[in-house]
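Descriptive analysis of the structure
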Amino acid sequence: MVAAWLARAARALGDPGASRDETLQVLAESLDALGQGICVTGPDGHIRLCNRQAQELRDLPGVADGLGASDRQALHVPDGRHIEVLTRTTPSGDTVRTWTDITPYVLARQEAEAASRAKSEFVATMSHEIRTPLNAIIGHGYLMQDTPLSNEQQEWLGAMQTAGLHLHDVINQILDLARMESGKVDLQVAAFELAALLQQVSAVVADQCVAKGLRYSVTVDPSLPTWFMGDVVRLRQALLNFVNNAVKFTRQGGVAVSVSRRSTEGGDVVLRFEVRDTGIGITPEQQARLFRPFEQADGSLTRKYGGTGLGLAITKKLAENMGGETGLSSTPGQGSTFWFTARLKPTARQKDEAAAAAVENIRARAGARVLVVDDNRTNADMVAALLRRAGMQAEIANDGASGIDKTLSGGFDLVLMDMQMPDMDGLEATRRIRAQPAPRFVPIVAMTANALASDRERCLEAGMSDHLAKPFGLTDLWSLLARWLPPTGTRAPSAAG
């Protein structure tokens, strides 16, 4: 049908004897067959041509009034359809408008966006529900370390802590993938020392290499600068994904890490991070499936070696965010080489103020009064116990309302506030505290399983001073306390004191 109309239009357009109106009419009928509306108006405002599709759409209530002078418009008509109108002017002064029903495309996009939002909400909810009990498990493990334990109990505790931290890493990987797919990963650029980064990665896998009898080596191009500007957390994560895989899939031999200069572009250096192992290797067919979420070279490897299949996909996206790329070469039975590149800017040596704050003696904050506001009694008791072990005074409020009352009563140097609580959440409690006059400013820090960057922004907008995601390590907690609690003897006297 469509072909016949187009053939007729072509004959009319090519027929010297065909009038202009006849040609336009054939064209209009042809576009009718294609489901396309067209309307041609002369310079005098007279409609030269308006096919059936265009007329139907023009006659819908509010459509004609909604037309403007812009070249492209999207109209949402009363019957629920979405219409795209394109306007062009011919050399002879005619105005040509085409009308296209784009409803199927709009609905498909809306469905895709809704599915993406639902997935993000599900991931965020599951992350919160898992992080809260996991924080209690890891935190109570820290408390048990300071109690008398037999050698066997110490071994059990170490296994429990390792398993808890591994689960923490898995949760972070799933959350990271959701962030990356939604384009919500922002790089936190700061000065870092390359040697320190490599040392941190080595420390993570050192015990595993010793246990398996593997050699582990690190080689750095001596011509490289010592310090760079970049997101050291993301770099460490990307490199660790490769190194952990190399150690996991290597039974004998060793793992070698190398860092070299791939190129220099302007004032930036493109670094190549390479991890070479003598492991089981990967076939070309298996390699084609790697770097995809939830994919491993062989499904049976998941049962034998463990893992989520997310690490390589995450490293690929991280490398792309840092202006680089990923790749591999492998021979089955001989080993594999995985690499990624990152574009970084060299910088001068920096003083590691953050590290100095982290190792500062926490006992310098002894006597500080800290309020823990959390409806989960297990987590609240655990955090309070950690604070008391550090020589601080800790008090608990189990809901937002009591948290407000205790904070406003005065006497606290810091408030650790959960975000999700029944009746009144931590954000609303913070807003109400900040709305009241107070003799002095008291930092309020979110201590929550809501770990997205958007959660941190919401906390700061509500009047909080900082954000600590659950589960957290002792170093994270001590660093936060050192950041917001002045040393003993320098705190202002409280109303209660």
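Above this note sits the structure.
Report follows, based on the coordinates. Nothing here was measured: the structure is a model prediction, and the numbers come from that model.

This next bit is on the overall build of the protein chain. Scanning the protein chain from N- to C-terminus turns up 17 helices and 17 strands. Within the protein chain, counting contacts between residues at least 6 apart in sequence, those at least 24 apart form 65% of the total. Entry remark: accessible area of the protein chain is about 25500 Å², with carbon and sulfur atoms responsible for 53%.

Looking now at helix 14 (residues 400-408). Where helix 14 is concerned, the buried positions are Gly400, Gly403, Ile404 and Thr407. With its buried residues spanning 100° around the axis, helix 14 presents them on a single face. Buried residues belonging to helix 14 abut strand 13 (369-373), strand 14 (393-397), strand 15 (414-417) and helix 15 (426-435). Taking the backbone nitrogen of Ala401 as reference, a side-chain oxygen 3.2 Å away marks Asp399 as the first, capping residue of helix 14. Taken from the residues just after helix 14, Gly410 is the one with a positive phi, measuring 90°.

A positive phi angle, near 70°, is found at Asp423, a position not held by glycine. Residue classification places Asp423 among the exposed residues on the basis of a relative accessible area of 88%.

What follows deals with the sheet that holds strand 4 (residues 82-89). Reading across from one edge, 2-1-5-4-3 is the order of the five strands in this open sheet, with antiparallel pairing throughout. Every interior strand has two partners, whereas the edge strands, strand 2 (47-50) and strand 3 (72-76), have only one. Taken over all neighbouring pairs, the strand axes of this sheet differ in orientation by 15° on average, direction set aside. Here strand 1 (residues 37-41) runs beside strand 2; their pairing, made up of three bridges, is antiparallel. Pairing of Cys39 across the sheet is with Cys50, part of strand 2.

Together, Phe122, Met126, Ile130 and Leu167 make up an exposed nonpolar region whose accessible area comes to about 350 Å². Ranked by the residues each element gives to the nonpolar patch, the list is headed by helix 5 (residues 103-145), at three residues. Assignment of secondary structure puts Ile130 in helix 5.

Okay, the side chain of Arg365 next. Of note, Arg365 is situated in the loop between helix 12 (353-359) and strand 13. A distance of 3.1 Å separates a polar atom in the side chain of Arg365 from the backbone oxygen of Ala482.

Counted by the stated rule, this structure contains four aromatic pairs. Their ring planes at 10° and their centres at 4.9 Å tell us that Phe273 and Phe340 sit as a pair that is stacked. Residue Phe273 is located in strand 10 (residues 268-277), and its partner Phe340 is located in strand 12 (residues 335-347); the two are separated by 67 residues in the primary sequence. Overall, the relative accessible area of 1% leaves Phe273 in the buried class. Classification of Phe340 as buried rests on a relative accessible area of 0%. In textbook terms, an aromatic cluster arises when at least three aromatic residues are bridged by ring pairs, as seen for Phe242, Phe273, Phe338 and Phe340. For Arg369, the ring lying beneath its charged end belongs to Phe412, and the centroid distance is 4.4 Å.

Let's shift gears to the pairing of strand 11 (residues 326-331). As defined by bridge partners, strand 11 adjoins strand 12 across six bridges and the pair is classed as antiparallel. Bridging across to strand 12, Thr331 finds its partner in Gly335. Hairpin connection of strand 11 to strand 12: three residues between the antiparallel strands, including Gly333 at a positive phi of 85°.

The next point concerns a negative patch on the surface. Together, Asp375, Asp399, Asp405 and Asp423 give the surface a local cluster of negative charge. Looking at where Asp399 falls in the secondary structure, it is placed in the loop between strand 14 and helix 14. The exposure class of Asp399 is partly exposed, given its relative accessible area of 30%.

Glancing now at the environment of Leu481. Inspection of the secondary structure puts Leu481 in helix 17 (residues 474-484). Overall, the relative accessible area of 0% leaves Leu481 in the buried class. Once the C-alpha coordinates of Leu481 and Arg365 are considered, the two residues, 116 residues apart in sequence, prove to be 8.1 Å apart. Residues in contact with Leu481, not counting those within four places in the same chain, are Ile362, Arg365, Leu387, Met392 and Leu414.

A sheet is described by the order of its strands in space; here five strands give the open sequence 14-13-15-16-17, paired in parallel fashion. Here the strands that pair on one side only, and so sit at the sheet edges, are strand 14 and strand 17 (466-469). Within this sheet the neighbouring strands show an average axis-to-axis angle of 20°, counted without direction. Bridge count for strand 15 against strand 16 (residues 444-448) is three bridges, and the pairing is parallel. Of the residues in strand 16, the one forming a bridge with Val415 is Ile444. Where helix 13 (residues 377-389) meets the sheet, it contacts strand 13, strand 14, strand 15 and strand 16, and its direction lies at approximately 170° from that of strand 14.

You can see Val243 is positioned in helix 8 (residues 232-248). A C-alpha to C-alpha distance of 9.5 Å links Val243 and Val204, two positions 39 residues apart in sequence. Dropping the residues within four chain positions of it, Val243 is found in contact with Val201, Val205, Tyr216, Val257 and Val275.

Analysis parameters
Residues numbered from 1 in each chain as written. Predicted model: local features only at pLDDT ≥ 70, side-chain atom pairs only at ≥ 80, totals over all residues. Heavy atoms only, no water. Helix = DSSP H or I, 4+ residues; strand = E, 2+ residues; numbered from the N terminus. Contact = heavy atoms within 4.5 Å. Areas by Shrake-Rupley, 256 points an atom, 1.4 Å probe, with all protein chains shown as cover. Buried < 20%, exposed > 50% of the residue type's maximum accessible area, 1.4 Å probe, protein only. Arc of directions from axis to C-beta. Polar contact = N/O pair within 3.5 Å; in protein donor to acceptor, adjacent residues only side chain to side chain. Pairing = 2+ DSSP bridges. Axes fitted to C-alpha atoms, helices over the stretch in contact; angles between N-to-C directions. Patch = residues over 30% accessible without salt bridge, like charges linked within 9 Å, V, L, I, M, F, W, Y side chains within 5 Å. Salt bridge = Lys/Arg side-chain N within 4 Å of Asp/Glu carboxyl O. Phe/Tyr/Trp six-rings, centres within 6.5 Å; stacked < 30°, edge-to-face > 60°. Lys NZ or Arg CZ within 6 Å of the ring centre and 35° of its normal. Lys, Arg positive; Asp, Glu negative; His and termini not counted. Charge placed at Lys NZ, Arg CZ, Asp CG, Glu CD.

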